[in-house]
Amino acid sequence: GYVGLPLAFAFGKKKFKVIGFDIDQKKINSLDEGKSFLSHISDKDISKMNLKNGFTSTTDFSRLTEVDAIIICVPTPLSKFKKPDLEPVYQTGKTVSKYLKKGQIVVLESSTYPGTTNPELKNILESSGLSSGKDFYLAYSPEREDPGNKDYELKTIPKVCGGYTKSCLKVGKALYSSIIDEVVEVSSTECAEMTKLLENIHRSVNIGLVNEMKIISDAMNIDINEVISAAATKPFGFVSYR
């Protein structure tokens, strides 16, 4: 998807052997044919990944035994009750647990609430008989993709990472430092998950606020963009949303 493919591309450029997993055979077929399904990654990029960097994609999850790092980038859509549907995370965790081996690191990147990585995903993965922080490493690192934003790319966007243990964090940082300029360490997976929530809530609240201010300004024949520009001259306590 829009998180996993850019990650695969970034690791591929650093000469990592990357396997992309998906349950959608159409996406796999597209990648095999050298065709991208994202506007900001070209067909040429996909062909280069396949030919020069040895990228492969598959629906065969038994190939998880071939890798050292497993990054989970599945969606967490809202249910009809406006609650996050974590079934994709749980099902992926159950699949990973079938093939999990000692020494691997599992990182969750999906948007979720504190407590998902530990204990929920942790418990699912430990059904394999392996222990987090002892037999395998476990971390949470929220995705910060902004498709279409030409000012920032994956490499230059600081990456927050929290581990189940200090050793988990150390391995997680080593993994992401290979493709990203700055990795921001936090004390736990819960802290990293709350960071993602704060980022999203901050954005959503301010988008809602500025949209309501526009309605009010329009009714009063005031140019909202002029207002935002004037407010933005304050050097503290204000962030422009348009």
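Residues numbered from 1 in each chain as written. Predicted model: local features only at pLDDT ≥ 70, side-chain atom pairs only at ≥ 80, totals over all residues. Heavy atoms only, no water.

Trainee: In this structure, what is going on with unusual backbone geometry? I would like to understand it.
Mentor: Residues other than glycine predominantly adopt negative phi, and peptide bonds predominantly adopt the trans conformation. Along the chain, Asn118 connects to Pro119 via a cis peptide bond; the corresponding omega equals 20 degrees. Here Pro119 is to be found in helix 5 (residues 116-125). The backbone of Lys15 shows a phi angle near 70 degrees, a positive value even though the residue is not glycine. (Helix = DSSP H or I, 4+ residues; strand = E, 2+ residues; numbered from the N terminus.)

Trainee: Would you mind showing me how to read the pairing of strand 7 (residues 183-186) here?
Mentor: For a regular strand, side-chain orientation follows a simple rule: the groups alternate between the two sheet faces. Judged from the 4 bridges that link them, strand 6 (residues 159-163) and strand 7 form a sheet pairing that is parallel. Opposite Gly162, over in strand 7, you have Val186 as the bridge partner. Since strand 6 and strand 7 lie parallel, the crossover through helix 6 (residues 166-177) that links them has a hand, and here it is right-handed. (Pairing = 2+ DSSP bridges. Right-handed = clockwise from strand over helix to strand, strands pointing away.)

Trainee: I would appreciate a short explanation of empty space enclosed by the protein in the present structure.
Mentor: To locate leftover empty space, one rolls a probe as large as a water molecule over the atoms. Within this structure, the stated rule accounts for 1 cavity of 30 Å³ or more. By volume, the largest cavity amounts to about 90 Å³. As for the largest cavity, its lining consists of Val3, Leu7, Glu109, Glu143, Arg144, Glu145, Leu154, Ile157, Pro158, Lys159 and Ile180. The class makeup of the residues in the lining of the largest cavity is 6 nonpolar, no polar and 5 charged. (1 Å grid on protein atoms, 1.4 Å probe; cavity = no way out; pocket = protein on both sides within 12 Å on 5 of 7 lines; lining within 4 Å. Points joined across faces, edges and corners; volume = space filled by probe spheres on them. Nonpolar A, V, L, I, M, F, W, Y, C, P; charged D, E, K, R; others polar.)

Trainee: I'm lost on the packing of helix 4 (residues 87-99) against helix 5 in this one. Help?
Mentor: Interhelical geometry of helix 4 versus helix 5 gives an angle of 40 degrees and a closest axis separation of 8 Å. When the axes of helix 4 and helix 5 are compared, the pair comes out oblique. Once helix 4 is placed against helix 5, the crossing between them reads as right-handed. On the side of helix 4, the interface is formed by Val89, Tyr90, Gly93, Lys94, Val96 and Ser97, while helix 5 contributes Thr116, Glu120, Leu121, Ile124 and Leu125. Grouping the constituent residues of the contact of helix 4 with helix 5 by class yields 6 nonpolar, 3 polar and 2 charged. (Axes fitted to C-alpha atoms, helices over the stretch in contact; angles between N-to-C directions. Parallel < 35°, antiparallel > 145°, perpendicular 65-115°, else oblique. Left-handed = near helix turned anticlockwise from the far one by under 90°. Contact = heavy atoms within 4.5 Å.)

Trainee: Explanation requested: the pattern of salt bridges in the structure shown.
Mentor: A side chain with one charge may pair with a side chain of the opposite charge, provided their charged atoms come close. This structure, assessed with the given rule, holds 9 salt bridges. A salt bridge links Lys122 to Glu126, with the nearest nitrogen and oxygen atoms 3.2 Å apart. Lys122 sits in the buried class, given a relative accessible area of 11%. Accessibility expressed as a relative area gives 24% for Glu126, which makes it partly exposed. Where Glu185 meets Lys173, a salt bridge forms, and the shortest distance between an N and an O atom there is 2.7 Å. Highlighted residues: Glu185 in strand 7 and Lys173 in helix 6, separated in sequence by 12 residues. (Salt bridge = Lys/Arg side-chain N within 4 Å of Asp/Glu carboxyl O. Buried < 20%, exposed > 50% of the residue type's maximum accessible area, 1.4 Å probe, protein only.)

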